[in-house]
Amino acid sequence: MPQNGIILNGSAAPPVDVSIPPSIIGINFGNSYASIAVFTKEGVTECIANEDGERQIACALAFHGEEMYIGNQAKQQLVKNSQNTITGFRNLLGKKFSEVPQDKLSVSAPVIQHPSFPDTPAYKVKVLQPAPSPLPVTATNTPTASQVATPRSEPVEVERILTAFEVATIFLASLLQSAEEFLGKKVIGAVISVPSWFDDAQREALSKAAEEAGIHVLQLLDDAGAVAVCTSESTDDVPGDRTQLIVDLGASSLELSLLSIREGLAYSLATLSDSSVGGDEIDSKLLKFFAKEFTKKTKTPLTVAPATDPLDKRAEAKLRLAVEHTKRTLSASPSAATCSVESLKDGLDYTGSINRLRFDMEVRSIYDKVYAKVKELAASAEIDLYDIDEIVYIGGSASLPGLDETLSEGFTESVITPFKAGTVVGGGTGDPTTILARGCAFQAHLLVSLAQESPELWGSFNKGSDQTSVAATSRTIGLLVPREDAEGSMGGIWIPLVFKETPLPCRRTSTFEVDVSGADVIVGFELWEVKEGVKVDHIKLPKFEDEEEEEAQEEEEEVKEKTLTKEAYLLSLSLSPQYAVGGKTTVQVQAVVSGSGALDVSLREVLKDSLGTAVTASVAAP
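Computed from a predicted structure; not experimentally measured. Position numbers for residues count from 1 along each chain, tracking the sequence in the order it is written. Under the rules for a predicted model, residues below a pLDDT of 70 receive no local features and side-chain atom pairs below 80 are neither given nor counted, while totals for whole chains, interfaces and linings still include all residues. Derived side-chain values reflect all non-hydrogen atoms in the structure, with water molecules and hydrogen atoms excluded from consideration.

**Student:** Any chance you could explain the overall build of the protein here in plain terms?
**Tutor:** Put simply, DSSP marks the helices as runs of H or I at least four residues long and the strands as runs of E at least two long, and each gets a number from the N terminus on. The secondary structure content of the protein amounts to 12 helices and 28 strands. Residues are treated as being in contact if the distance between any of their heavy atoms lies within 4.5 Å. Of the contacts made within the protein by residues no fewer than 6 positions apart, 66% connect residues no fewer than 24 positions apart. Working definition of accessibility: Shrake-Rupley area with a 1.4 Å probe, residue cover restricted to the visible protein chains. Of the roughly 30,600 Å² of accessible surface on the protein, a fraction of 50% belongs to carbon and sulfur atoms.

Given below as structure tokens:
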């Protein structure tokens, strides 16, 4: 019955008293963008803006003269000052220079080997260093000596070498400053998101960089864990027990996770990473589309993605900045989105547009890649796509309706997505651009509450133990009330108690009504383990009357239906009703499964607030 796996810590349930929230924050530190979230006195989390009004802060640093720019201001420097602009530094944390792929074209400052530290990736930028201070006037001056101080000379241009660790420290310090300015007080701690593929060296480097930046790290939380914290609570539309697919389409890679959420606990079924699929590939498709349109309108050749000519490189940098706005428009509105660039090439301005249908056609191959990887992930977890109840998206590139439509084709019609729930934009529960930061803020609030209420429990949530190995049920356990006239393969009324992939130990209680007729009736129950499956039928579609016989092709539609099959009989229970009213009585059953898989079941008749005599039984783990 039990199987081993990973359970992700965290719960979205806030403590009772949230009138004075502590000054803790959640940070989503991505490779392209970062965001900061805080827990408010209303008991919810929200992303905050930095001093430039940005809630999605570009992970970029740029040096221009004596100035240093951080965030979206730095990203604008990619057009005219790309060699002094640093991007993509998060993924280099904890890595050696020999491990960094050198085949990818860099649109910012190139990664070099640090001249002093062996096998260490670094960036070389040019900055203006202030001139030395004027020479002081001496106390004793000769008659010919001047009383005027030596004038300050002009700043001198020098080369500066920055490691990826130093760049990350500078950037994280700016996030801390933005958070403290928003809160009006010092931040006492933060939970920071990390990709699941980060190894121990990368996690340690990120934690050290944050501490160097002045951030006390409460926990490094996996992206999937941050999503689970943010979405684990059930609502009217989202059941408490469900299987959740997380699609993280970042700029440089695709991360997929499959979670089993049972009573607020998230159990990891499978994960998959693929660096060949990412949001940058979508951008490149758009770049080529608009470059082709520009060439068609102006008769001026423009080659991008990749560009080799310096003028084309500069034009590509301008287009990359412009298409980000185009993608946001396409994700938020069904109408056409524009792309406008002043002096794109040879002094020629460009304004183009693309509608959602054409955009989906251009990037269809990327959608199909993501769908193929989702099927591969489900196959590795030995489940069908039809068993997945909810899809959660992470990242701006995952906010595209076309991707949601492509993925939803293989799932049940009742599958829950941010698009169906209407929370894909605006900072709601399922907003892909804010979900990680908000999940980290929830977790930070939980950890601070635990530290105050239960120091022992807090120890299990420290930053080095964000995952815990546990066992989980491999099949669903439930009660069967046999009925001669029952339809279906079960032969009675099926009442699930403990769903498969439920982390152990666990306790589940279910209350239901059963029919009682006649005197001295004994109601019998059977406890079973069942196997859940999916039945696939192929139905031939009807032909149209005006369709010629020779041209008509027999098309089939695939119809799926969930099935239950008895797998293992565990035990039987009986109950003599004492409180039957109107031919019905209420029964409450409780199942307790230990960490080793031993099962205890208790059954009792319930009359409003009164409890009857319990019938208990137990069975050892098979």
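That was the structure; now back to the text.
**Student:** Explain the sheet that holds strand β21 (residues 476-482) to me, please; I cannot follow it from the model alone.
**Tutor:** The strands making up a sheet associate through backbone hydrogen bonding, with each pair oriented either parallel or antiparallel. Strands qualify as paired when DSSP identifies two bridges or more between them. Reading across from one edge, β22-β21-β24-β25 is the order of the 4 strands in this open sheet, with antiparallel pairing throughout. Edge strands, defined here as strands with exactly one partner in the open sheet, are β22 (492-498) and β25 (556-575). With strand direction ignored, the average angle separating the axes of adjacent strands in the sheet is 35 degrees. Alignment of β21 against strand β24 (residues 523-540), held across 5 bridges, turns out to be antiparallel. Note that in β24 the partner of Thr 476 across the bridge is Val 530. Axis geometry follows a simple rule: fit a line to the C-alpha atoms, using only the stretch in contact for helices, then measure angles between N-to-C directions, giving values from 0 to 180 degrees.

**Student:** What is the right way to read the nonpolar core from this model?
**Tutor:** Most often, soluble globular proteins keep nonpolar side chains buried together rather than apart. Here the nonpolar core consists of buried residues drawn from Ala, Val, Leu, Ile, Met, Phe, Trp, Tyr and Cys, with membership extended through side-chain atoms lying within 4.5 Å. Only protein chains enter the accessibility calculation, which uses a 1.4 Å probe. A residue is then buried if its area is under 20% of the maximum for its type, exposed if over 50%, and partly exposed in between. In terms of nonpolar packing, the biggest core is built from 51 residues, with Leu 245, Val 247, Phe 290, Phe 359, Val 370, Leu 407 and Phe 411 touching the most fellow members. Here Phe 411 is in contact with Leu 245, Val 374, Leu 385, Tyr 386, Ile 388 and Ile 391, once residues within four sequence places are set aside. If you look at the next biggest cluster of nonpolar residues, it comprises 42 residues, including Val 125, Val 187, Ala 213 and Ile 215.

**Student:** Looking at this model, I keep getting lost on the sheet that holds strand β11 (residues 156-163). Mind explaining?
**Tutor:** Read across the sheet, 3 strands follow the order β9-β10-β11 without closing on themselves; strand pairing throughout is antiparallel. Pairing within the sheet leaves two strands with one partner each, and these edge strands are β9 (111-113) and β11. Pairwise comparison of adjacent strand axes, ignoring direction, gives a mean angle of 50 degrees for this sheet. By the bridge criterion, 3 bridges tie β9 to strand β10 (residues 121-129) in an arrangement that is antiparallel. The residue bridging Val 111 from the neighbouring strand is Tyr 123, located in β10. Contacting β10 and β11, helix α2 (residues 164-183) runs over the sheet at an angle of about 95 degrees to β11.

**Student:** Help me understand the side chain of Arg 262 in this model?
**Tutor:** With respect to the helices, strands and loops of the structure, Arg 262 is situated in strand β15 (residues 254-262). If we skip the residues at most four places from it in the chain, Arg 262 touches Gly 240, Asp 241, Arg 242, Thr 243, Phe 499, Lys 500, Glu 501, Thr 502, Pro 503 and Arg 508.

**Student:** Teacher, can you tell me more about the pairing of β21 here?
**Tutor:** Walk down a regular strand and you will see the side chains alternate between the two sheet faces. Along β21, 6 of the 7 residues are buried, which leaves the element largely enclosed by surrounding structure. Here β21 runs beside β22; their pairing, made up of 6 bridges, is antiparallel. Paired with Ile 477 across the strands is Val 498, a residue of β22.

**Student:** Whenever I open this one, the environment of Thr 338 confuses me. Can you help?
**Tutor:** Here Thr 338 is to be found in strand β17 (residues 337-345). For the pair Thr 338 and Lys 327, spaced 11 residues apart in the sequence, the C-alpha separation amounts to 9.5 Å. Leave out the neighbours within four places in its chain, and Thr 338 touches His 325, Thr 326, Gly 352 and Ser 353.

**Student:** So what exactly am I meant to see when it comes to the confidence of the model for the protein here?
**Tutor:** Atomic detail in the predicted coordinates should be set aside for any region of low pLDDT. Overall, the prediction assigns the protein a mean pLDDT of 83, with 82% of residues at 70 or greater. Note on scores: pLDDT gives the predictor's confidence for each residue, bounded by 0 and 100. When the criterion is pLDDT under 50, residues 9-19 qualifies, and its contacts beyond four places in sequence or with other chains add up to 35 contacts.

**Student:** Help me understand unusual backbone geometry, please; the structure alone is not making it clear to me.
**Tutor:** Excluding glycine, most residues fall at negative phi; most peptide bonds, likewise, are trans. At the junction of Ala 305 and Pro 306, the peptide bond is cis and its omega measures out at 5 degrees in the coordinates. With respect to the helices, strands and loops of the structure, Pro 306 is situated in the loop between α5 (279-298) and α6 (310-332). For the bond from Leu 504 to Pro 505, the omega torsion is 0 degrees, close enough to zero to count as cis. With respect to the element layout, Pro 505 can be found in the loop between β22 and β23 (506-515). A positive phi is found at Lys 299, a non-glycine position, where the angle reads about 60 degrees. You can see Lys 299 is positioned in the loop between α5 and α6.

**Student:** Please explain helix α3 (residues 200-212) as it appears in this structure.
**Tutor:** The periodicity of an α-helix, 3.6 residues per turn, causes residues three or four places apart in sequence to face the same way. Here α3 contains 13 residues, and its C-alpha end-to-end distance of 18 Å stays within 8% of the 18 Å for a straight helix at 1.5 Å per residue. Along α3, the residues classified as buried are Gln 202, Arg 203, Ala 205, Leu 206, Ser 207, Ala 209 and Ala 210. Buried-residue contacts for α3 involve β2 (24-29), α2, β12 (189-194) and β13 (217-222). You can read the cap of α3 off the contacts: a side-chain oxygen lies 3.2 Å from the backbone nitrogen of Ala 201, and it is on Asp 199. Any helix carries an expected span of 1.5 Å times its number of residues minus one. We define a polar contact as two N or O atoms separated by no more than 3.5 Å, with the added condition that, inside protein, one atom must be a possible hydrogen donor and the other a possible acceptor, whereas residues neighbouring each other in sequence contribute only through side-chain atom pairs.

**Student:** I tried to follow a negative patch on the surface on my own but got confused; where do I start?
**Tutor:** The patches reported here contain residues having more than 30% relative accessible area and no salt bridge. Joining distances are 9 Å for like charges and 5 Å for nonpolar side chains (Val, Leu, Ile, Met, Phe, Trp, Tyr). Salt bridge criterion: a side-chain nitrogen from Lys or Arg within 4 Å of a carboxyl oxygen from Asp or Glu. The positive count covers Lys and Arg only, the negative count covers Asp and Glu only, and His and the chain ends enter neither. The atoms used to mark charge sites are NZ of Lys, CZ of Arg, CG of Asp and CD of Glu. A surface patch of negative charge is lined by Glu 99, Asp 199, Asp 200 and Glu 204. Note that Asp 199 resides in the loop between β12 and α3.

**Student:** It is not clear to me how the state of the cysteines should be interpreted in this structure. Could you clarify?
**Tutor:** Two cysteines joined by a covalent bond between their sulfur atoms form a disulfide. In this description, a disulfide is simply a cysteine sulfur pair whose atoms lie within 2.5 Å. Under the definition given, this model contains 0 disulfides. Looking at the unpaired Cys 440, the closest cysteine sulfur is the one in Cys 230, lying at 9.5 Å. Judged by its relative accessible area of 0%, Cys 440 is buried.

**Student:** What is the right way to read α2 from this model?
**Tutor:** The end-to-end C-alpha separation of α2 is 29 Å, in line with the 28 Å expected for 20 residues at 1.5 Å each. All of the buried residues along α2 are Ala 164, Val 167, Ala 168, Thr 169, Phe 171, Leu 172, Ser 174, Leu 175, Leu 176, Ser 178 and Ala 179. Just downstream of α2, Gly 184 is the residue with a positive phi angle, here 75 degrees.

**Student:** Any chance you could explain the packing of aromatic side chains here in plain terms?
**Tutor:** The way to describe two aromatic rings as a pair is by their centre distance and the angle between their planes. Ring pairs shown here join Phe, Tyr and Trp side chains whose ring centres sit within 6.5 Å, with only the six-membered ring taken for Trp; geometry is labelled stacked below 30 degrees between planes, edge-to-face above 60, and tilted in between. Summed over all chains, the structure comprises 11 aromatic pairs. Centroid distance Phe 89 to Phe 171: 5.7 Å. Interplanar angle 65 degrees. Geometry classified as edge-to-face. A residue pair is termed long-range when its members are at least 10 positions apart, and Phe 89 in the loop between β8 (85-87) and β9 and Phe 171 in helix α2 qualify at 82 residues. The pair Phe 89 / Phe 171 is uniform in exposure class, with both members buried. Grouped by ring-pair contacts, the aromatic residues Phe 289, Phe 290, Phe 294 and Tyr 350 constitute a single cluster. Here Lys 208 stacks its cationic end above the ring of Phe 165, 6.0 Å away from the centre of that ring. In this scheme, Lys NZ or Arg CZ marks a charge over a ring once it lies within 6 Å of the ring centre and within 35 degrees of the ring normal.

**Student:** What should I look at first to understand the side chain of Asp 387 in this one?
**Tutor:** Mapped onto the elements, Asp 387 comes out in the loop between α8 (364-380) and β19 (390-394). Buried within the structure, Asp 387 lacks any salt-bridge partner; its nearest side chain of opposite charge belongs to Lys 500, at an N-O separation of 4.5 Å.

**Student:** I would appreciate a short explanation of the pairing of β13 in the present structure.
**Tutor:** Of all the 6 residues making up β13, 6 are buried; the element is thus mostly covered by neighbouring parts of the structure. Here, the term right-handed applies to a crossover whose path from the first strand over the helix to the second runs clockwise when the strands point away from the viewer. Remark: the β12/α3/β13 crossover connection has right-handed handedness.

**Student:** Mind showing me how you'd approach the packing of α5 against α8 here?
**Tutor:** Two elements in contact, α5 and α8, have axes separated by 10 Å at closest approach and are oriented at 165 degrees. Looking at the two axes, α5 sits roughly antiparallel to α8. When the axes of α5 and α8 are compared, the crossing they make is right-handed. For the pair α5 and α8, the contacting residues are Glu 281, Ile 282 and Lys 285 in the first and Ser 365, Ile 366 and Lys 369 in the second. Angle categories are assigned with fixed cut-offs, so that under 35 degrees is roughly parallel, over 145 is roughly antiparallel, 65 to 115 is roughly perpendicular, and the rest are oblique. Should the near helix be turned anticlockwise from the far one by less than a right angle, the crossing is termed left-handed; should it be turned clockwise, right-handed.

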